[in-house]
Amino acid sequence: MPEEPAQPSIPPARRETTPPRTTLRDRVLRVAEQVVGDTAPTLRAAAVRVVLFTLVLIAVGIALGAGVALVGAAVGFLMFLAGRRRAGSAG
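Rules used throughout
Going along each chain's sequence as written, the residues are numbered from 1 onward. Local features in this predicted model are restricted to residues of pLDDT 70 or higher, and side-chain atom pairs are both shown and tallied only at a pLDDT of 80 or more, whereas totals for entire chains, interfaces and linings draw on every residue. As a rule here, side-chain values come from all non-hydrogen atoms in the structure, and water together with hydrogens is ignored. A run of DSSP states H or I qualifies as a helix once it reaches four residues; a run of E qualifies as a strand once it reaches two. Both are numbered from the N-terminal end. Burial status follows relative accessibility: with a 1.4 Å probe on protein chains alone, a residue under 20% of its type maximum counts as buried, one over 50% as exposed, and anything between as partly exposed. Residue contacts follow a heavy-atom distance rule, with two residues in contact if any of their heavy atoms lie within 4.5 Å. Note on areas: these come from Shrake-Rupley sampling with a 1.4 Å probe, and a residue is covered only by the protein chains present in the view. Note on geometry: axes are lines fitted to C-alpha atoms, helical ones only across the stretch in contact, with angles between N-to-C directions running from 0 to 180 degrees. Note on terminology: angles under 35 degrees are roughly parallel, angles over 145 are roughly antiparallel, angles of 65 to 115 are roughly perpendicular, and the others are oblique. For this scheme, ten residues count as nonpolar: Ala, Val, Leu, Ile, Met, Phe, Trp, Tyr, Cys and Pro. Four count as charged, namely Asp, Glu, Lys and Arg, and the remainder, Gly too, count as polar. A pocket here means an open set of points on a 1 Å grid, computed over the protein atoms alone, that has protein on both sides within 12 Å along at least five of seven lines. A cavity is instead a set of points where a 1.4 Å probe fits but cannot get out; residues with an atom within 4 Å of a point line either one. Grid points are joined across faces, edges and corners, and a volume is the space filled by probe spheres set on the points. Throughout, nonpolar core names a set of buried Ala, Val, Leu, Ile, Met, Phe, Trp, Tyr and Cys residues whose side chains join them through atoms within 4.5 Å. In this analysis, a patch consists of residues with relative accessible area above 30% that form no salt bridge, clustered at 9 Å for like charges and at 5 Å for the nonpolar side chains Val, Leu, Ile, Met, Phe, Trp and Tyr. Only one rule defines a salt bridge in this text: a Lys or Arg side-chain nitrogen within 4 Å of an Asp or Glu carboxyl oxygen. Residue-level confidence of the predictor, termed pLDDT, takes values from 0 up to 100. Expected helix span is taken as 1.5 Å per residue step, with the number of steps being one fewer than the number of residues. Summarising the geometry, the arc corresponds to the directions from the helix axis toward the C-beta atoms.

A. Molecular detail of the overall build of the protein chain. A tally of regular secondary structure across the protein chain gives three helices and zero strands. Shown N-terminal to C-terminal, the secondary structure of the protein chain runs as helices and strands in the order α-α-α. Taken over 91 residues, the protein chain has a buried fraction of 11%. Pairs at least 24 apart in sequence give 16% of the contacts found in the protein chain among residues at least 6 apart. Summed over its atoms, the accessible surface of the protein chain is roughly 8200 Å², and 65% of this surface lies on carbon and sulfur atoms.

B. How the structure looks around the packing of helix 1 (residues 24–36) against helix 2 (residues 43–64). Taken N-terminus to C-terminus, the directions of helix 1 and helix 2 make an angle of 80°; their axes are 8 Å apart at the nearest point. Here helix 1 is positioned roughly perpendicular relative to helix 2, judged by the angle of their axes. Here helix 1 contributes R25, L29, A32, E33, V35 and V36 to the contact with helix 2, which in turn contributes L43, R44, A46, A47, R49 and V50. Taken together, the residues of the contact of helix 1 with helix 2 sort by class into eight nonpolar, no polar and four charged.

C. Looking closely at the layout of surface pockets. Computed from the structure, the largest pocket encloses a volume of approximately 240 Å³. What lines the largest pocket is simply V35, V36, R49, V50, F53, T54, A73, G76, F77 and F80. For the lining of the largest pocket, the class distribution of residues is seven nonpolar, two polar and one charged.

D. Structural detail: the nonpolar core. By size, the foremost hydrophobic cluster in this structure holds seven residues: L29, A32, V36, A40, A46, A47 and F80. Secondary structure elements with two or more residues in this core: helix 1 and helix 2. A per-element tally of this core places helix 1 first, with three residues. Excluding residues that lie within four positions of it along the chain, A40 makes contacts with A45, A46 and R49.

E. Fine view of a nonpolar patch on the surface. A surface patch of nonpolar side chains, amounting to about 420 Å² of accessible area, comprises V51, L55, I58 and I62. For V51, the location among the structural elements is in helix 2.

F. Looking closely at the confidence of the model for the protein chain. Put simply, the protein chain has an average pLDDT of 77, and 81% of its residues get 70 or more. Confidence, expressed as mean pLDDT per element, reaches its minimum in the protein chain at helix 3 (residues 66–90) with 76 and its maximum at helix 2 with 87.

G. Expanded view of helix 1. A rise of 1.5 Å per residue sets the reference length of helix 1, with its 13 residues, at 18 Å; its end C-alpha atoms lie 18 Å apart and thus fit the reference within 8%. Considered for burial, the residues of helix 1 that qualify are L29, A32 and V36. Angularly, the buried residues of helix 1 cover 60° about the axis, an arc narrow enough to put them on a single face. Away from its buried face, by an angle of more than 90 degrees, helix 1 presents the exposed residues L24 and Q34.

Okay, structure coming up:
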């Protein structure tokens, strides 16, 4: 009886795993971290600061007008940049 040639073993196809989908909450926390992550100790604190600043700007815009709110946003942004620069040079 002739012997059959050995069949090469083919490993099973690898399933490519997809990374878990990020939720809206995760995306919001990541944005907050990028905005004020250097000044806030936790992601929640960063998100609270972003939301609070936004709410204050909305209230100022309603009470005093959009122009004043835009100036407030610009001043807040500049103060944020100055704080980041100062924090970066201290370490």
